[in-house]
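# Structural description and commentary
Each chain, written out:
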Amino acid sequence: MAIPLFTTISYNTTATHRHRYLHHPIFSYNKQLLCCASSSPPVSSNFVGSEAGVCLSIGTHLIPHPDKVEKGGEDAFFVSSHGGGVIAVADGVSGWAEKDVNPALFSRELMTNASIFVQDQEVDYNPRNLIRKAHAATTSIGSATAVVAMLERNGTLKIANVGDCGLRVIRKGQIVYSTSPQEHYFDCPYQLSSEAIGQTFLDATVTTVELMEEDTIVVGSDGLFDNVFDREIVSVLNSCNNVSDAAKALANLAHNHSKDTSFDSPYSQEARTQGFDVPWWKKIMGMKLTGGKLDDVTVIVGQVKSSLSS
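Described in the following lines is the structure provided in the data block. Since the model is a prediction, treat every value here as computed from it, not as a measurement.

Moving on, we get to the pairing of strand E8 (residues 174-178). Sheet topology note: the strand E7 (residues 166-171)/E8 ladder contains four bridges and is antiparallel. Across the sheet, Arg168 pairs through a bridge with Ser178, a residue of E8. Between E7 and the antiparallel strand that follows it, E8, lie two residues; Lys172 among them carries a positive phi value of about 50 degrees.

The structure is reproduced here in structure tokens:
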């Protein structure tokens with residue numbers, strides 16, 4: 001369970017975290033898709049820009065936490081063909097549920113606002129500015145981690161990240177760029193919040209990466225990266241024929257790993273490095289803390305294409 005900054009919550013080694021789910025397109029102009037909570041089955045989408053230069057062909061897939069299917073989970077995202085393509089993911093911090101606050105409301109409103117402001121002049125096609133505008137307009141109580149990626153037509157990918165949503169750039173079967181999670185301490189990520197104690201756009205890690213045609217980017221909530229190793233991401237991409245299949249395969253892999261108590265996941269490995277493990281008497285027996293982290297899984301896969309060839 002992700003920890004909000006308003007309180008201290010004692011750590012539980014059972015892996016249950018934040019989450020989200022599904023399909024609700026509300027903007028038809030500029031090929032935008034906003035996805036937020038629903039009880040519908042997972043969906044995939046594909047958007048390609050039409051101006052000269054490069055653009056993203058995008059596939060998406062979302063799977064909710066097994067215990068949050070009915071309520072839809074707590075992730076939200078939107079994609080847009082504006083510029084060369086825009087991708088944004090927000091992951092509502094689940095610890096707010098202990099205060100009788102629906103953790104999904106903040107992440108959904110944040111992404112709704114991001115989709116509204118993506119073409120705003122003050123945003124100036126800058127992901128940190130988009131986070132600033134979207135966060136300032138969000139009135140729901142709660143908090144969320146977020147990542148925004150905006151591709152220029154010349155191939156420059158601009159990224160702003162607050163917390164532990166993530167992004168990978170894959171080129172010719174190799175990961176050439178990875179975001180790094182921002183945390184106050186284990187399981188307490190940086191988070192945009194309704195509370196003054198939270199982070200703001202000024203705390204975002206901002207990066208630019210020069211992309212080439214056929215590069216692939218993978219963007220997701222921590223439900224993906226806590227359960228799937230980078231080498232597995234590359235392997236899945238190599239085995240899929242298109243971005244929609246890749247997004248679905250990665251989401252399914254993360255979901256399956258999250259339920260496997262014997263899988264030595266990225267999450268369990270990080271927990272052990274932070275001092276969380278089985279009792280000493282189990283260590284004597286050769287046992288260790290293992291298992292995936294039950295969570296919502298949001299996966300967006302984008303491949304860089306020439307707009308003219310598209």
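The next point concerns the environment of Ala137. You can see Ala137 is positioned in helix H2 (residues 127-137). Its relative accessible area of 28% is what places Ala137 among the partly exposed residues. With 23 residues separating them in the primary sequence, Ala137 and Ala114 have C-alpha atoms 9.2 Å apart. Contact partners of Ala137, with chain neighbours within four places excluded, come to Glu109, Asn113 and Phe117.

A word on the pairing of E7. Along any regular strand the residues' side chains alternate between the sheet's two faces. Most of E7 sits out of view: five of its six residues are buried. Relative to strand E13 (residues 216-220), E7 runs antiparallel, the two sharing five bridges. The partner of Ile170 across the bridge, within E13, is Thr216.

As a packed pair, helix H1 (residues 103-117) and H2 sit with axes 8 Å apart at the nearest point and diverge in direction by 125 degrees. When the axis of H1 is compared with that of H2, the two are oblique. In the crossing of H1 with H2, the sense of the turn from one axis to the other is right-handed. Residues Phe106, Glu109, Leu110, Asn113, Ala114 and Phe117 of H1 form the contact with H2, whose own contacting residues are Leu130, Lys133, Ala134, His135 and Ala137. Of the residues assigned to the contact of H1 with H2, the class counts are seven nonpolar, two polar and two charged.

Taken together, Trp280, Trp281, Ile284, Met285 and Met287 make up a surface patch of nonpolar side chains, about 650 Å² in accessible area. Overall, the relative accessible area of 38% leaves Met287 in the partly exposed class.

The next subject is the layout of surface pockets. Roughly 400 Å³ of volume is contained in the largest pocket. Counting only elements with at least two residues in the lining of the largest pocket, the list comes to E7, helix H3 (222-225) and helix H6 (266-273). Among the elements that take part in the lining of the largest pocket, H6 stands out by supplying three residues, more than any other. Of the residues belonging to the lining of the largest pocket, the class tally is eight nonpolar, five polar and nine charged.

What follows deals with the packing of aromatic side chains. Across all of its chains, the model carries three aromatic pairs by this definition. Residues Phe229 and Phe263 carry aromatic rings whose centres are separated by 6.0 Å and whose planes lie at 75 degrees to one another, so their mutual orientation is edge-to-face. With a gap of 34 residues between them, Phe229 in the loop between H3 and helix H4 (230-239) and Phe263 in the loop between helix H5 (243-258) and H6 connect regions that are remote in the sequence. Overall, Phe229 belongs to the buried group, its relative accessible area being 12%. Here a set of aromatic residues connected by ring pairs shows up, and it is made of Phe186, Tyr267 and Phe276. Over the face of the ring belonging to Phe201 we find Arg132, whose NZ or CZ atom lies 5.9 Å from the ring centre. Stacked on the ring of Phe229, the Lys or Arg Arg231 has its end atom at 4.4 Å from the ring centre.

Definitions and limits used
In this convention, every chain numbers its residues from 1, walking through the sequence in written order. It should be noted that, the model being predicted, local features are given only for residues of pLDDT at least 70 and side-chain atom pairs only at 80 or more, the latter also being counted only at that level, while totals for whole chains, interfaces and linings use all residues. Calculation of side-chain values draws on the structure's entire complement of heavy atoms; hydrogens and water are dropped beforehand. Strand pairing requires that DSSP identify at least two bridges connecting the strands. Secondary structure counts use DSSP, requiring at least four H or I residues in a row for a helix and at least two E residues in a row for a strand, with both numbered from the N terminus. Note on classification: 1.4 Å probe, protein chains only; a residue is buried when its accessible area is under 20% of the maximum for its type, exposed when over 50%, partly exposed between these limits. We call two residues contacting when some pair of their heavy atoms lies within 4.5 Å. Interaxial angle, 0 to 180 degrees, is taken between N-to-C directions of lines fitted to C-alpha atoms, where a helix line uses only the stretch in contact. Every angle not falling under 35 degrees, over 145, or within 65 to 115 is termed oblique; those three ranges are roughly parallel, roughly antiparallel and roughly perpendicular. Here a crossing is taken to be left-handed if its near helix is turned anticlockwise relative to the far helix by less than a right angle, and right-handed if that turn runs clockwise. Classification convention: Asp, Glu, Lys, Arg as charged; Ala, Val, Leu, Ile, Met, Phe, Trp, Tyr, Cys, Pro as nonpolar; all other residues, Gly among them, as polar. Within the patch definition used here, like charges are joined within 9 Å and nonpolar side chains (Val, Leu, Ile, Met, Phe, Trp, Tyr) within 5 Å, considering only residues with over 30% relative accessible area and no salt bridge. Every accessible area reported is derived by Shrake-Rupley at a probe size of 1.4 Å, with residue values counting cover from the shown protein chains alone. When a carboxyl oxygen of Asp or Glu is within 4 Å of a side-chain nitrogen of Lys or Arg, the pair counts as a salt bridge. A cavity here means a set of points on a 1 Å grid, drawn over the protein atoms and nothing else, where a 1.4 Å probe fits but cannot get out; a pocket is an open set with protein on both sides within 12 Å along at least five of seven lines, and a residue lines either one if it has an atom within 4 Å of a point. Grid points are joined across faces, edges and corners, and a volume is the space filled by probe spheres set on the points. To pair, rings of Phe, Tyr and Trp, with the six-membered ring standing in for Trp, must have centres within 6.5 Å; the planes then decide the type, stacked if under 30 degrees apart, edge-to-face if over 60, and tilted in the middle. Charge over a ring is defined by NZ of Lys or CZ of Arg lying within 6 Å of the ring centre and within 35 degrees of the ring normal.

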